[in-house]
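# Observations on chain architecture
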2 protein chains.
Amino acid sequence: MGSNPRPGRRRATIRDVAQAAGVSIATVSRVLNGRPDVAADTRERVLSAVRDLGFSTNRSARSLVGGRTFLVGITLPLVEAEYFARILGGATDELYDHDLQVVLATTLHLRDRANTLLARLTSGVTDGALLVLPEESREMLQQLAAPGYPFVVIDPLEPLAEGVPSVSATNALGGRAATEHLLALGHRRIGIITGVPDWLASVERLNGYRTALASAGVPFEPALVVESDWAVEGGEAAAAALLELPDPPTAIFAFNDNMAIGAARAAHARGLHVPVDLSVVGFDDSEQAATTAPTLTTVRQPLADMGRMGASLLLRLLDNRPADAMRIELQTRLIVRDSTAAPARHFTALS
Amino acid sequence: MGSNPRPGRRRATIRDVAQAAGVSIATVSRVLNGRPDVAADTRERVLSAVRDLGFSTNRSARSLVGGRTFLVGITLPLVEAEYFARILGGATDELYDHDLQVVLATTLHLRDRANTLLARLTSGVTDGALLVLPEESREMLQQLAAPGYPFVVIDPLEPLAEGVPSVSATNALGGRAATEHLLALGHRRIGIITGVPDWLASVERLNGYRTALASAGVPFEPALVVESDWAVEGGEAAAAALLELPDPPTAIFAFNDNMAIGAARAAHARGLHVPVDLSVVGFDDSEQAATTAPTLTTVRQPLADMGRMGASLLLRLLDNRPADAMRIELQTRLIVRDSTAAPARHFTALS
DNA sequence: CTGTTAGCGCATTCAC
DNA sequence: GTGAATGCGCTAACAG
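About the thresholds
- Residues numbered from 1 in each chain as written.
- Chains lettered and ligands numbered in written order.
- Predicted model: local features only at pLDDT ≥ 70, side-chain atom pairs only at ≥ 80, totals over all residues.
- Heavy atoms only, no water.
- Contact = heavy atoms within 4.5 Å.
- Buried area = accessible area lost by both parts, 1.4 Å probe.
- Salt bridge = Lys/Arg side-chain N within 4 Å of Asp/Glu carboxyl O.
- Helix = DSSP H or I, 4+ residues; strand = E, 2+ residues; numbered from the N terminus.
- Patch = residues over 30% accessible without salt bridge, like charges linked within 9 Å, V, L, I, M, F, W, Y side chains within 5 Å.
- Areas by Shrake-Rupley, 256 points an atom, 1.4 Å probe, with all protein chains shown as cover.
- Lys, Arg positive; Asp, Glu negative; His and termini not counted.
- Charge placed at Lys NZ, Arg CZ, Asp CG, Glu CD.
- Buried < 20%, exposed > 50% of the residue type's maximum accessible area, 1.4 Å probe, protein only.
- Least-squares fit on C-alpha atoms with pLDDT ≥ 70 in both.
- Near = heavy atom within 4 Å.
- Polar contact = N/O pair within 3.5 Å; in protein donor to acceptor, adjacent residues only side chain to side chain.
- Nonpolar A, V, L, I, M, F, W, Y, C, P; charged D, E, K, R; others polar.
- Expected span 1.5 Å × (residues − 1).
- Pairing = 2+ DSSP bridges.
- Axes fitted to C-alpha atoms, helices over the stretch in contact; angles between N-to-C directions.

### What about the interface of chain B and chain A?
Each side of the interface is counted separately: chain B has 44 residues, and chain A has 44 residues. For the pair chain B and chain A, the summed buried area comes to about 3,800 Å², and 53% of that belongs to carbon and sulfur atoms. The largest contributions to the chain B side of the interface with chain A come from B:Y96, B:Q101 and B:R120, which together make up 18% of the buried area. In this structure, the salt-bridge partner of B:R113 is A:D93, at a minimum N-O distance of 3.3 Å. When residues of the side of chain B that touches chain A are traced back to their parent elements, those giving at least two are α4 (59-66), α5 (82-97), β2 (101-106), α6 (111-125) and α12 (287-291) of chain B.

Structure follows, in structure tokens:
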């Protein structure tokens, strides 16, 4: 029949397949969608036509009629940071298993860009979205939710409005565990280097720190709290400031591993030995934590799992399965390595 | 007029806008697409209706009729590695500027998964793709290109078939520059730790190394070449092996920064000082390279630019603008830091 | 079990 | 300048 359709020309459509198989397009659609009500031999004929023509269903058409795109968006500040990359990896992985594709959107911490991106994502490109550390205000997020656009927040930047599904880590417990570890070793002056201070995770870790101090009867001292920016250099500077104190801390708890590494470096620069002269604890359990010298005691965050969990929450939303638990906190865990030890000498106050 | 359409129900369509503005859908479409042939006041009326209804065009519909999805795929092994993340970040950025969205696909180095992903991407979801370090065979890639699916390879794993557009770095020159730097310092026994040996980048860096040696009249010695796996631990083990040699090298050139850091660690473990007793050079210029102690001399790869360039090449393809240069190599550059110095002592062979 | 028909939301001729 | 009509490729009733 000379049925060889000009090879490599226009993409084959369902109609071409129907014609080649000698059936109607409805039948083709049925076998394509795995409907059971098709005769075995008909199915075979269709399938072979599909192969011959190298046909695959046009997703735009399917989306238009079905109302679903099989695409979900993920917005996050940037992909270059291990922290976000691990969340992204976990989410992507989970989504892949459910035949969903990921539309990536990086906000670069730019409010405008975040808004643009969100607008693009919601204009029918995606069925729903994962928002990692979204800088959008609560109002904006609620506005998003109003028209019924399904989304899940991972690692909220600020407290979320009621009813917004989210996934985060037990930051308060993590902060508490780190502090208790240091207290148990005998430390009493514990400096902390917080991350960007108005981020929810920072607030909670700080709460954990204060809780632990209170339980141990150690007074909270504001001078021992320094703010920084999550970066190695920032941590180094912050630690330097702490070590300049008249009565410096014997231990430093940094709110992420980068800053902890910076703290260790600051100690090193002043001839102090970690952990002998200064104990250091980080947060995250980044790749470097296990390989830096000395290896870092830190609070592990299940970042990939947070991504995966966020994805599966979103999947439930998309299926209209009510997600029983809409606000999920994944466990953090203290990982003790070589950067912490009992305080060697007791710095007596100069006063 | 009580024109408030049931708030928050069904998404508004172009028809709703037309009705609200008292015009036809054709006119709405015109203003939506910025056509000039619309009266100013008509345009205003339409625009305000668009705002009132919170309308945004349905991308699936637009794609169906227009044949373009405004989505491009990016496949890469994984996002957690800084190397890939930086390429991804650059590409995403460039694409954002051109109003294209990115569909992310991670292969995890799994051949099957890569094929599945590619099939999904090409079935009308995306207009084209960026393939980072694709493990698909040359045949498969050509098969991809045949139906006219536009794609660009970034950092090819193996030599590409003629006509396949690609972006990579000047790996050979980089390998040569690193080696020449060490030779200039006076090193004559230069060990190298290669990455996965059948990757094109490894092969070329090795070529660069050999070229430099040859130019300097230093004989190539196979015993000084060790293969590894791009990881810190792998580099450490490889370096240990080199340092065990009867006549060990006075310098080591590792094919990425991770392995270089491992090499430095191996030296440290045997009481050798970097760079006094052993010089170390890496490749990539990762974040750690600048912060590790001692800071690492390395060959910088413009990873983000590679992503950006790949994206803009793809953009040209999508616009049917013939890309003049279809095979692009971006410059690498030697960054000299603290891990290299002239050899202090000459290890005399034990034999 | 299979074919016919009617849209999904939009861009695009072509008239007016 | 603007409107009416057509179809993109596909799924989902509805008949038979």
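### Describing a negative patch on the surface
Residues and elements named next belong to chain A. On the surface, E139, E158, D198 and E227 cluster together into a negatively charged patch. Take E158: it is sitting in the loop between β4 (151-154) and β5 (166-169). For E158, a relative accessible area of 30% gives the class partly exposed.

### With respect to the relation of the copies chain B and chain A
With an RMSD of 0.1 Å, chain B superimposes on chain A once it is rotated by 180 degrees and translated 0.0 Å along the axis. Expressed as an axis order, the relation between the two copies is that of a two-fold axis. Taken together, the interface assignments show that 100% of the residues at the interface of chain B recur at the interface of chain A, consistent with an identical surface on both copies.

### A word on the protein's contact with DNA strand D
Looking at DNA strand D, there are 25 residues lining it, with A:I14, B:T27, B:R30, B:A39 and B:T42 nearest. Across the atoms of DNA strand D situated within 4 Å of the protein, the share located in sugar and phosphate is 63%. A:R62 has a polar side-chain atom sitting 2.9 Å from a phosphate oxygen of DNA strand D. B:A39 is positioned with one of its backbone polar atoms (N or O) 2.7 Å from a phosphate oxygen of DNA strand D. Listed by contribution, the elements that provide at least two residues to the surface near DNA strand D are α2 (25-32) and α4 (59-66) of chain A together with α2 (25-32) and α4 of chain B. Looking at the surface near DNA strand D residue by residue, the class counts come to twelve nonpolar, eight polar and five charged.

### Details of the side chain of A:T298
Residue and element names in this part refer to chain A. Along the chain, the position of T298 falls in strand β10 (residues 297-300). For T298, the side chain forms a polar contact with the side chain of D257, separated by 2.6 Å. A polar side-chain atom of T298 sits 3.5 Å from the main-chain amide nitrogen of D285.

### So, the protein's contact with DNA strand C
Close contacts around DNA strand C come from 25 residues, with A:T27, A:R30, A:A39, A:T42 and B:I14 the closest. Backbone atoms, meaning sugar plus phosphate, form 63% of the atoms of DNA strand C positioned within 4 Å of the protein. Side-chain polar atom of A:T27 to a phosphate oxygen of DNA strand C: 2.7 Å apart, as the coordinates give it. Note that a phosphate oxygen of DNA strand C is positioned 3.2 Å from one of the side-chain N or O atoms of B:R35. Mapped by element, the contributors of at least two residues to the surface near DNA strand C are α2 and α4 of chain A together with α1 (14-21), α2 and α4 of chain B. Of the residues assigned to the surface near DNA strand C, the class counts are twelve nonpolar, eight polar and five charged.

### Quick notes on unusual backbone geometry
With an omega of 10 degrees, the peptide bond running from A:V274 to A:P275 counts as cis. Relative to the helices and strands, A:P275 is located in the loop between α11 (257-269) and β9 (279-284). Here the residue pair B:A293 and B:P294 is connected by a cis peptide bond, since its omega of -5 degrees sits within 30 degrees of zero. Relative to the helices and strands, B:P294 resides in the loop between α12 and β10 (297-300). Despite not being glycine, A:D99 shows a phi value in the positive range, around 60 degrees. With respect to the helices and strands, the residue A:D99 is situated in the loop between α5 (82-97) and β2 (101-106). Residue class for A:D99 comes out partly exposed when judged on its relative accessible area of 47%. With a phi angle near 55 degrees, B:L108 is a residue other than glycine that sits in the positive phi range. When you line up the elements, B:L108 lands in the loop between β2 and α6. On the basis of relative accessible area, B:L108 is assigned to the partly exposed category, the value being 33%.

### Describing helix α13 (residues 303-318) of chain A
All names here are of chain A. Taking 1.5 Å per residue as the helical rise, α13 with its 16 residues ought to reach 22 Å, and the 23 Å between its terminal C-alpha atoms agrees with that figure. Within α13, burial applies to L303, M306, G307, G310, A311, S312, L313, L314, L315, L317 and L318. Elements in contact with the buried residues of α13: β1 (71-76), α5, β3 (128-132), β4, β5 and β11 (327-330). A positive phi of about 60 degrees marks N320, the residue just after α13.

### Remarks on the sheet that holds strand β8 (residues 251-254) of chain B
Residues and elements named next belong to chain B. Strand order across the open sheet formed by six strands is β7-β6-β8-β9-β10-β12, with mixed pairing between neighbours. Each of the sheet's edge strands pairs with one partner strand only, and the pair in question is β7 (225-227) and β12 (333-335). Adjacent strand axes in the sheet meet at a mean angle of 20 degrees when their direction is disregarded. Here three bridges tie β8 to strand β9 (residues 279-284), and the two strands are oriented parallel to one another.

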